[in-house]
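Structural overview for review
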Amino acid sequence: EGYGVYGSSNRIGVVEDIRRGGGDRPKLLLVRAGLLGSWLVHVPVDQVEAVSHGRRRIDLRSGGLLAGPRRV
């Protein structure tokens, strides 16, 4: 939680929560996105290209994307 999430060209938002599937394995990242953080975007973990713990950054695969944004 709290990591910045980046697409191929820019920042998408910040991880607000992690949803797990069976067991302890993460399934979805819930990302707070939008100019005022008014969108909650579900990002499947299979779309993650790289995680930088030192920079608190998650890079997504190019061309893939989101399971569905929701305005909250």
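Overview of the structure. All of these numbers come straight from a predicted model, not from anything done at the bench.

1. Topic: unusual backbone geometry
Even without being glycine, Arg 56 reaches a positive phi, approximately 50°. By the secondary structure assignment, Arg 56 is in the loop between strand S5 (48–52) and strand S6 (57–60).

2. Brief notes about the environment of Val 15
Tracing the backbone through its elements, the reader meets Val 15 in strand S2 (residues 11–20). Taking C-alpha positions, Val 15 is 9.3 Å from Val 41, a pair spaced 26 residues apart along the chain.

3. Details of the pattern of salt bridges
What the rule picks out here adds up to three salt bridges. Here Asp 17 and Arg 19 are joined by a salt bridge, their closest N and O atoms 3.4 Å apart. Across the pair Arg 57 and Asp 59 runs a salt bridge whose closest N-O atoms are separated by 2.8 Å.

4. Notes on the nonpolar core
If you look at the biggest cluster of nonpolar residues, it comprises 10 residues: Tyr 3, Val 5, Val 15, Leu 29, Val 31, Ala 33, Val 41, Val 43, Ile 58 and Leu 60. Taken together, the elements giving at least two residues each to this core come down to strand S3 (26–33), strand S4 (39–44) and S6. The element contributing the most residues to this core is S3, with three residues. With sequence-adjacent residues up to four places away left out, Val 31 is seen in contact with Val 5, Ile 12, Gly 13, Val 14, Val 15, Glu 16, Trp 39, Leu 40, Val 41 and Val 43.

5. Looking at the environment of Glu 49
As for its placement among the helices and strands, Glu 49 is situated in strand S5. Given a relative accessible area of 55%, Glu 49 falls into the exposed group. Taking the C-alpha atoms as reference, Glu 49 lies 5.5 Å from Asp 59; in sequence the two are 10 residues apart.

Thresholds, definitions, all that
Residues numbered from 1 in each chain as written. Predicted model: local features only at pLDDT ≥ 70, side-chain atom pairs only at ≥ 80, totals over all residues. Heavy atoms only, no water. Helix = DSSP H or I, 4+ residues; strand = E, 2+ residues; numbered from the N terminus. Salt bridge = Lys/Arg side-chain N within 4 Å of Asp/Glu carboxyl O. Core = buried A, V, L, I, M, F, W, Y, C linked by side-chain atoms within 4.5 Å. Buried < 20%, exposed > 50% of the residue type's maximum accessible area, 1.4 Å probe, protein only. Contact = heavy atoms within 4.5 Å.

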